[in-house]
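# Descriptive structure summary
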Amino acid sequence: MAVPTLTAILKRILKQPTAPFHEYHVRREIEALLADCPNVKLKHDAFGNLLATYKFGKRKSLPTWVLAAHMDHPAFVPNTEAKGKDDAWEFLGGVPVGPVQDGIRRGLRKPVKGGQFASWNFPVTIKEGRVEAPACDDLIGCALIISTFWELARLNLETTVHAAFTRAEEVGWLGAWHLGNHWPFSEGSVFLSVETSRPVNGAEIGDGPIVRVGDRLSVFDSEAVSVLMRTASEQGIRVQRCLLDAGACESTALQALGHRSAGISVPLGNYHNINDTKSELAPEYVMLDDVKTTLRLLTALVATKHDGIGERSIRDRVALRLKQYQPHLAAGNQHFT
Ligand SMILES: [Zn+2]
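Quick look at the structure, then.

Procedures and definitions
Residues numbered from 1 in each chain as written. Predicted model: local features only at pLDDT ≥ 70, side-chain atom pairs only at ≥ 80, totals over all residues. Heavy atoms only, no water. Helix = DSSP H or I, 4+ residues; strand = E, 2+ residues; numbered from the N terminus. Rg over C-alpha atoms; globule rule 2.2 N^0.38 Å. Buried < 20%, exposed > 50% of the residue type's maximum accessible area, 1.4 Å probe, protein only. Donors = N, O, S within 2.8 Å, 3.2 Å for Na, K, Ca; no water. Tetrahedral: all angles 85-135°; square planar, octahedral: opposite > 155°, others 65-115°. Pairing = 2+ DSSP bridges. Axes fitted to C-alpha atoms, helices over the stretch in contact; angles between N-to-C directions. Contact = heavy atoms within 4.5 Å. Expected span 1.5 Å × (residues − 1). Phe/Tyr/Trp six-rings, centres within 6.5 Å; stacked < 30°, edge-to-face > 60°. Lys NZ or Arg CZ within 6 Å of the ring centre and 35° of its normal. Salt bridge = Lys/Arg side-chain N within 4 Å of Asp/Glu carboxyl O.

### Re the overall build of the protein chain
When helices and strands are counted, the protein chain shows 10 helices and 15 strands. A compact globule built from 337 residues should have a C-alpha radius of gyration of about 20 Å, and the protein chain, at 22 Å, falls within 12% of that. Oriented by its inertia axes, the alpha-carbon framework of the protein chain measures out at about 85 × 50 × 40 Å. Out of the 337 residues belonging to the protein chain, those deemed buried represent 51%.

Now the structure itself:
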């Protein structure tokens, strides 16, 4: 079994051009990378999302996780209402008009071979611990899930875990919405968005993965967040626990459809290709150490069994306290006359 390295997987995925609705290059590369991965089965759903399951032995993690990443990134697609050459392209995704126009003026718009869409022309580089690419969001998430599956196979771990590589997230989670409405996994499986996000509210680039307690639109499943935190502490993995409310992720969509959801994010620089200090076009970047740490956390998460939250459930904790403080309660109660 020739296990691809994390760096090799990153390079192969990050080199794929992508755009909302035009995720076929990424999907093909993920399929190629997982084709030989032991214990992994692939399929597509009717929307074109790629679904993968790693299943080996009877052991399951509790809960069963669905690791999810989207395959698109803001980019130019053919304008379906074009009248002439000047409006041949339409930009899809959350980027202000100013920097987009500036990028076009700087000649950064590059049509892909065959001309189905165009994306920003930046190189993919991995050096001095920093990963730069035209689209880290969310190809880093895709690469991380692929690496997690290979890591499970390499260690021959007995577990079951699912993955969903979704389409058209940048225009309002369309692929995720389909997934939630046609849930192909067992009831009670927990959706875990594996994203890259702008660090806010105290989170920092280089300080490890962010366990996301929520996003701009909703807060996530309390128990799932606790399981993530507990796994990190058991494994001695440094994580940042934060509300990342600079954007909204697919977990909000899945949760709105009644699926338990949580999120984990690799801190991202130059979010949506806007330079963090000057607002001009630039490659996105993440720190390689943050990616490696996220891989360790995901592997541990899907390989271990966790019954509920922490060592004790909230219910057990309070019951214990009530017993412990019973004499004080009785003493105080005498004065409530
Ligand atoms: Zn994203």
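There is more to say after this.
### Re the coordination of the zinc ion
Listed as protein donors to the zinc ion are His70 (NE2), Asp137 (OD), Glu195 (OE) and Glu195 (OE); their distances from the metal cover 1.9 to 2.6 Å. Viewed at the metal, the four donor atoms of the zinc ion are separated by angles of 52 to 140°, and the geometry they form is irregular. Within one chain, the residues serving as donors to the zinc ion are arranged as H-x66-D-x57-E. On the criterion of sequence distance, the pair formed by His70 in strand β3 (residues 65–70) and Asp137 in the loop between β9 (130–133) and α4 (139–154) is long-range, its members being 67 residues apart. For His70, a relative accessible area of 0% gives the class buried.

### Here we look at the sheet that holds strand β15 (residues 284–287)
Taken in spatial order, the three strands make up an open sheet running β8-β9-β15, and their pairing is antiparallel. Of all the strands in the sheet, just β8 (125–127) and β15 have a single pairing partner and so form its edges. On average, each strand axis in the sheet is tilted by 15° relative to the strand beside it, whichever way the strands run. Against the sheet, helix α8 (residues 288–303) touches β8, β9 and β15, its axis set at about 60° to β15.

### Considering the sheet that holds strand β10 (residues 159–166)
Strand pairing within a sheet occurs via backbone hydrogen bonds; the two strands may be parallel or antiparallel. Reading across the sheet, the eight strands line up as β1-β2-β10-β3-β11-β14-β12-β13 and stay open at both edges, with mixed pairing between neighbours. Edge positions in the sheet fall to β1 (40–44) and β13 (240–243), since each has one partner strand and no second. Pairwise comparison of adjacent strand axes, ignoring direction, gives a mean angle of 25° for this sheet. Sheet analysis places strand β11 (residues 190–197) next to strand β14 (residues 261–267), joined by seven bridges and oriented parallel. Residue pairing across strands places Val194 opposite Ile264, the latter belonging to β14.

### Considering the environment of Pro74
Of note, Pro74 is situated in the loop between β3 and β4 (75–78). Not counting the four nearest positions on each side in its chain, Pro74 is found in contact with Pro20, Phe91, Leu92, Gly93, Gly94, Val95, Glu170 and His272.

### Points about α8
In a regular helix each residue adds 1.5 Å, so 16 residues correspond to 22 Å; α8 covers 23 Å between its end C-alpha atoms and thus fits that length. Counting buried residues along α8, 13 of its 16 residues qualify, which places the element largely inside the surrounding structure.

### Comments concerning the packing of aromatic side chains
Here the structure, examined in full by the defined rule, presents six aromatic pairs. Ring geometry for Tyr24 and Phe117: centres 6.1 Å apart, planes at 70°, overall edge-to-face. Highlighted residues: Tyr24 in helix α2 (residues 24–34) and Phe117 in the loop between β6 (109–111) and β7 (118–120), separated in sequence by 93 residues. For Tyr24, a relative accessible area of 24% corresponds to the partly exposed category. A cation over a ring is seen here: Arg109 above Phe76, with NZ or CZ 4.9 Å from the ring centre. Directly above the ring of Phe47 sits Arg167, whose terminal nitrogen or CZ lies 5.6 Å from the centroid.

### Things to note about the pattern of salt bridges
Per the counting criterion, the structure on display carries 11 salt bridges. Residues Arg12 and Glu29 are paired through a salt bridge, measuring 2.8 Å at the closest nitrogen-oxygen approach. In this pair, Arg12 sits in helix α1 (residues 6–14) while Glu29 sits in helix α2, placing the two residues 17 residues apart along the sequence. Residue class for Glu29 comes out buried when judged on its relative accessible area of 17%.

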